[in-house]
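Spelled out, the chains give:
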Amino acid sequence: MALIEARDINVRHGATHAVYGVSMSLDAGEIVTIVGPNGSGKSTLLRALIGAVPIDNGNITRAPGLRIGYVPQKLHVDPTLPLSVRRFLNLPKRVSWAKAQAALARTGVDHLATRPLAGLSGGQFQRVLLARAILNDPQVLVLDEPTQGLDQPASAAFYKLIEALRDELGCGVVMVSHELHVVMSATDRVICLNGHICCEGTPDVVTAAPAYRELFGTGTGGALALYRHDHDHSHHGHDHDHSHSHEPAE
Amino acid sequence: MTFLDDFMIRALLAAVGTALACGALGCFVVWRRMAYFGDATAHAAILGVALALAFSISVPLGVLVVALAMGVLIGTLSGEVISPDSLLGVLSHSALAMGLVAVSLMPEARIDLDAYLFGDILVVSKTDLAVIWGGAVVVLGLLVWRWQALLAEVLSNDLAHAAGLNPARDRLMLTLLVATVVAVSIKVVGALLITAMLIIPAAAARLVARGPEGMAVWATAIGVVAAIGGLYAARGFGTPAGPSIICAAAALFCVTFLAGRLRG
């Protein structure tokens, strides 16, 4: 049974249809990436999946008692709110110090526990958000452009971490990204969205699809090769060095 | 004869009760940038006073109902074509003007207007005290009960949704609490200065607090000190009590501001 399933949903923002006729599902252990141009409804779809925006049509079913770990696109912390990283992890449920520390360590930011949230860099902040999201042992991780503002190596490292977390937790992951070439490597299934679903499938299928090329052009081919996994070999036990396999496409 | 027969004791209890109701809630007003929202709700209180007098119901009840209606109205209308601050400006000043007009239509009520605009703490009755302390208990109780959820909602609506909370309901509760505070503090500081009682202690607390709970405790303490200090200053200098309390709070804000600067 799917963890989250959307059937033929419509979401309106005023008079415009942000998302229409979208059906998708997420199973345990798979990583689904939603790509699409700006304003294509990616974030709206994601927020509809977690129940933060009402849908006008269709229906969304979530597995009963589904635990969702959500990493928002950005989190504006008002400077008037004094909040340390540690206290932030206690929201909305209080957790033990050991558990919080373990989550922070898992995302590589355990040294920041006592720092105020407001003083973190973009990359540190994203890892803190991710640590908070994995605290409740989520069945689904939902990430909205989690690497916004990070440079490409940092993004690639972040997506690798997500992949590793998926393997450890066995959770489903659904995320939005527009860094196609970086995110493709860590994805099982891609949904190409432009209000409706233009095409979907494995990264190979989608990047070859005419609808995808129409939206994004073909210029990302070289970079895609650079970051793509070799899916035939094991994900564990050895260090990936993707640049070995890089052969300029042009 | 009880100690409550001393008007100064009653005034002190009223001021301290108001400060208790305002402290922690004021932090949310500051965090969520609801200052103008608080103003609009407080201004609507004058209309509530007029309606209460017209229909011969209790004034705090009339104020509570109208302030709450105003809060809900703002919540419903915001996000439409008009920007939130313009909307608040329209509603806030319209409510105040309508309230003043409505009061003027009732000749027997006109003499009371100053008391409701600026507070008249020296005439609080035992019933007023019961309303103030009852309101403070309700406000503090609900804040403690929903504290974690409210904090999560301050950070992010989506984050709260993802955690299975109902942020819209929590926002409505904050609206209700602000209306309650308006209803209980109108007698103490008056409709025009209620927002100050919410914001100044919380803003002062921000400069010395390191966590949200600490900030709420500091804000409450600062509010209580300002209430007591302001009231004694008012008696000593023969100044109006409500504005004197706000002046004391402003002085404390200056102190924590300087302390915060010195500490770095």
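Definitions and cut-offs
- Residues numbered from 1 in each chain as written.
- Chains lettered and ligands numbered in written order.
- Predicted model: local features only at pLDDT ≥ 70, side-chain atom pairs only at ≥ 80, totals over all residues.
- Heavy atoms only, no water.
- Helix = DSSP H or I, 4+ residues; strand = E, 2+ residues; numbered from the N terminus.
- Buried < 20%, exposed > 50% of the residue type's maximum accessible area, 1.4 Å probe, protein only.
- Expected span 1.5 Å × (residues − 1).
- Arc of directions from axis to C-beta.
- Contact = heavy atoms within 4.5 Å.
- Pairing = 2+ DSSP bridges.
- Axes fitted to C-alpha atoms, helices over the stretch in contact; angles between N-to-C directions.
- Core = buried A, V, L, I, M, F, W, Y, C linked by side-chain atoms within 4.5 Å.
- Buried area = accessible area lost by both parts, 1.4 Å probe.
- Salt bridge = Lys/Arg side-chain N within 4 Å of Asp/Glu carboxyl O.
- Polar contact = N/O pair within 3.5 Å; in protein donor to acceptor, adjacent residues only side chain to side chain.
- Nonpolar A, V, L, I, M, F, W, Y, C, P; charged D, E, K, R; others polar.
- pLDDT = per-residue confidence, 0-100.
- Phe/Tyr/Trp six-rings, centres within 6.5 Å; stacked < 30°, edge-to-face > 60°.
- Lys NZ or Arg CZ within 6 Å of the ring centre and 35° of its normal.

Caption draft 1: Quick peek at the overall build of chain B. When helices and strands are tallied, chain B shows 12 helices and 0 strands. Counting from the amino terminus, chain B carries its helices and strands in the arrangement α-α-α-α-α-α-α-α-α-α-α-α. In terms of principal-axis extent, the alpha carbons of chain B reach across some 55 × 45 × 30 Å. Expressed as a percentage of the 264 residues in chain B, the buried residues total 53%.

Caption draft 2: Structural context of helix α6 (residues 126–145) of chain B. All names here are of chain B. Spanning 20 residues, α6 covers 28 Å between terminal C-alpha atoms, matching the ideal 28 Å at 1.5 Å per step. Residues D128, L129, I132, G135, A136, V139 and L143 constitute the buried set of α6. Angular distribution of buried residues about the axis of α6 spans 135°; they occupy a single face of the element. Opposite its buried face, α6 presents the exposed residues T127, A130, V137, V144 and W145, each directed more than 90 degrees away. Residues of α6 that are buried make contact with α1 (7–31), α7 (147–155) and α9 (167–185).

Caption draft 3: Focus on helix α4 (residues 122–134) of chain A. End to end, α4(A) covers 19 Å across 13 residues, agreeing with the expected 18 Å (1.5 Å per residue, within 8%). On its buried face, α4(A) is in contact with β5 (68–71), α2 (85–89), α3 (97–106), β6 (140–144) and α5 (152–169) of chain A together with α8 (157–162) of chain B.

Caption draft 4: Representation of the sheet that holds strand β2 (residues 16–26) of chain A in the model. Residue and element names in this part refer to chain A. Strand order in this open sheet of 3 strands is β2-β1-β4, and the pairing throughout is antiparallel. Looking at strand neighbours, the two that pair on one side only are β2 and β4 (57–62), the edges of this open sheet. Direction aside, the axes of adjacent strands within the sheet are offset by 25° on average. Direction of pairing for strand β1 (residues 4–13) relative to β4: antiparallel, over a ladder of 5 bridges. Note on β4: the bridge partner recorded for N10 is N57. The strands touched by helix α1 (residues 42–49) are β1, β2 and β4; relative to β1, the strand with the most contacts, the crossing angle is about 125°.

Caption draft 5: Up close: the nonpolar core. Judged by nonpolar contacts, the single largest core of 166 residues is most densely connected at A:F88 and B:I121. Top contributing element to this core by residue count: α1(B), with 16 residues. Apart from the residues lying within four places of it in its own chain, the contact partners of B:I121 are B:A11, B:A14, B:A15, B:K187, B:V188, B:L231, B:A241 and B:I245.

Caption draft 6: Main features of the interface of chain A and chain B. With 24 residues of chain A at the contact, the number on the chain B side is 24 residues. With both sides pooled, the region where chain A packs onto chain B buries about 2000 Å², and carbon together with sulfur makes up 60% of that total. The three residues of chain A that bury the most area against chain B are A:L81, A:P82 and A:P92, which together make up 28% of that side's buried surface. Counting across the interface, chain A meets chain B through 3 salt bridges. Between B:D158 and A:R47 there is a salt bridge, and its shortest N-O distance comes to 2.6 Å. Summed over the shared surface of chain A and chain B, the number is 11 residue pairs in polar contact (both at pLDDT 80 or more). Residue composition of the side of chain A that touches chain B, grouped by class: 14 nonpolar, 4 polar and 6 charged.

Caption draft 7: Seen up close, the confidence of the model for chain B. Residue and element names in this part refer to chain B. When pLDDT is averaged along chain B, the result is 89; 97% of the residues meet or exceed 70. Mean pLDDT across the secondary structure elements of chain B bottoms out at α8, with 82, and peaks at helix α11 (residues 212–237), with 96. The ipTM assigned to the predicted complex is 0.81, against a pTM of 0.82.

Caption draft 8: Highlighting the pairing of strand β8 (residues 189–194) of chain A. Residue and element names in this part refer to chain A. Counting buried positions along β8 yields 5 of 6 residues, so the element is predominantly enclosed. Pairing analysis gives 4 bridges linking strand β3 (residues 31–35) to β8, with the strands arranged parallel. The residue of β8 that forms the bridge with V32 is R189. Looking at chain direction, β8 and strand β9 (residues 196–201) are connected through 5 bridges and run antiparallel. Following the sheet pairing, I191 is matched in β9 by E200. Between β8 and β9, which pair antiparallel in sequence order, lie 1 residue; one of them, G195, sits at a positive phi of approximately 85°.

Caption draft 9: Fine view of the packing of aromatic side chains. All names here are of chain B. The final tally for this structure, using the stated rule, is 5 aromatic pairs over all chains. Centre to centre, the rings of F28 and W31 are 5.0 Å apart; their planes meet at 80°, and the pair counts as edge-to-face. Of the two residues, F28 and W31 are both situated in helix α1; the distance of 3 residues between them amounts to about one turn of the helix. Their ring planes at 70° and their centres at 6.3 Å tell us that W31 and W147 sit as a pair that is edge-to-face. Here W31, found in helix α1, pairs with W147, found in helix α7; they are 116 residues apart in sequence, far enough to count as distant. Of the residues examined, W31 reaches a relative accessible area of 3% and is grouped as buried. Above the face of the W145 ring, R146 is positioned so that its terminal group lies 5.3 Å from the ring centre.

Caption draft 10: Local environment of the environment of A:R86. All names here are of chain A. When you line up the elements, R86 lands in helix α2. When the C-alpha atoms of R86 and R166 are compared, they prove to be 24 Å apart, with 80 residues separating the residues in sequence. For R86, the residues in contact, after removing those within four places along its chain, are V95, S96, W97, A100 and A113.

Caption draft 11: Just the sheet that holds β6(A), in detail. Residue and element names in this part refer to chain A. Read from one edge of the open sheet, 6 strands run β5-β6-β7-β3-β8-β9, paired in mixed fashion. What marks the edges here is a single partner per strand, and that holds for β5 and β9. With strand direction ignored, the average angle separating the axes of adjacent strands in the sheet is 15°. Across 4 bridges, the pairing between β5 and β6 is parallel. By the bridge assignment for β6, V71 is matched with L143. Most of the contacts of α4 go to β5, to which it runs at about 170°, and overall it touches β5 and β6.

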